[in-house]
Amino acid sequence: MKFGQRVQILRERRGMTQTQAADLLGLSSHTYRKIENGQQKAPGLDMVLRIAEVLRVRDLADLTGRPETHVDLFIGPGHPRLAAVKAAIDSFPVTSGVATRAIRT
């Protein structure tokens, strides 16, 4: 399977249109279509990584079709404030009931 075909399959799995993917990549729809249709040679590493990010590809081999390019992508620690948000949520007390107030009419 060619690079463009892999890109198309991964894009469709994400539920994106070609126009949406092109916009996220900063490409014209025409140029993006040419990549998917194989009318343009496979892009350079920078663009391949941008495509992987937009399509949320976890393993570069899924995009390139080359098992020797197995590289886990985007598995880092996440946002720098993630630990603080997790700590705040974990420290929030959970109650078993909801306090209610009688309303007098």
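Scroll up for the structure.
Quick caveat, the model's predicted, so the values are computed rather than measured.

Cut-offs used in this document
- Residues numbered from 1 in each chain as written.
- Predicted model: local features only at pLDDT ≥ 70, side-chain atom pairs only at ≥ 80, totals over all residues.
- Heavy atoms only, no water.
- Axes fitted to C-alpha atoms, helices over the stretch in contact; angles between N-to-C directions.
- Helix = DSSP H or I, 4+ residues; strand = E, 2+ residues; numbered from the N terminus.
- Parallel < 35°, antiparallel > 145°, perpendicular 65-115°, else oblique.
- Contact = heavy atoms within 4.5 Å.
- Nonpolar A, V, L, I, M, F, W, Y, C, P; charged D, E, K, R; others polar.
- Salt bridge = Lys/Arg side-chain N within 4 Å of Asp/Glu carboxyl O.
- Buried < 20%, exposed > 50% of the residue type's maximum accessible area, 1.4 Å probe, protein only.

Asks: Sorry, what's going on with the packing of helix 1 (residues 3-13) against helix 3 (residues 29-37) here?
Replies: Axes are the key here: two packed helices are described by the angle between their axes and the distance separating the axes. Their axes nearest at 6 Å, the elements helix 1 and helix 3 cross at an angle of 115°. One way to sum up the angle between helix 1 and helix 3 is to call them roughly perpendicular. From helix 1, F3, G4, Q5, V7, Q8 and R11 reach across to helix 3, where they touch Y32, I35 and E36. When grouped by side-chain class, the residues that make up the contact of helix 1 with helix 3 number 4 nonpolar, 3 polar and 2 charged.

Asks: When you look at the pattern of salt bridges in this model, what are you seeing that I'm missing?
Replies: Pairs can form between side chains of opposite charge whenever their charged atoms are close. Applying the stated criterion to the full structure yields 2 salt bridges. R11 is the partner of E12 in a salt bridge, and the nearest nitrogen-oxygen pair spans 3.9 Å. Taking relative accessible area as the criterion, E12 reaches 45% and is therefore assigned partly exposed. A salt bridge links E36 to R11; the nearest nitrogen and oxygen atoms lie 2.5 Å apart. Of this pair, E36 sits in helix 3 while R11 sits in helix 1, and the two are 25 residues apart along the sequence. Both residues of the pair, E36 and R11, count as buried. What you see here is one network of salt bridges that share partners, running through R11, E12 and E36.

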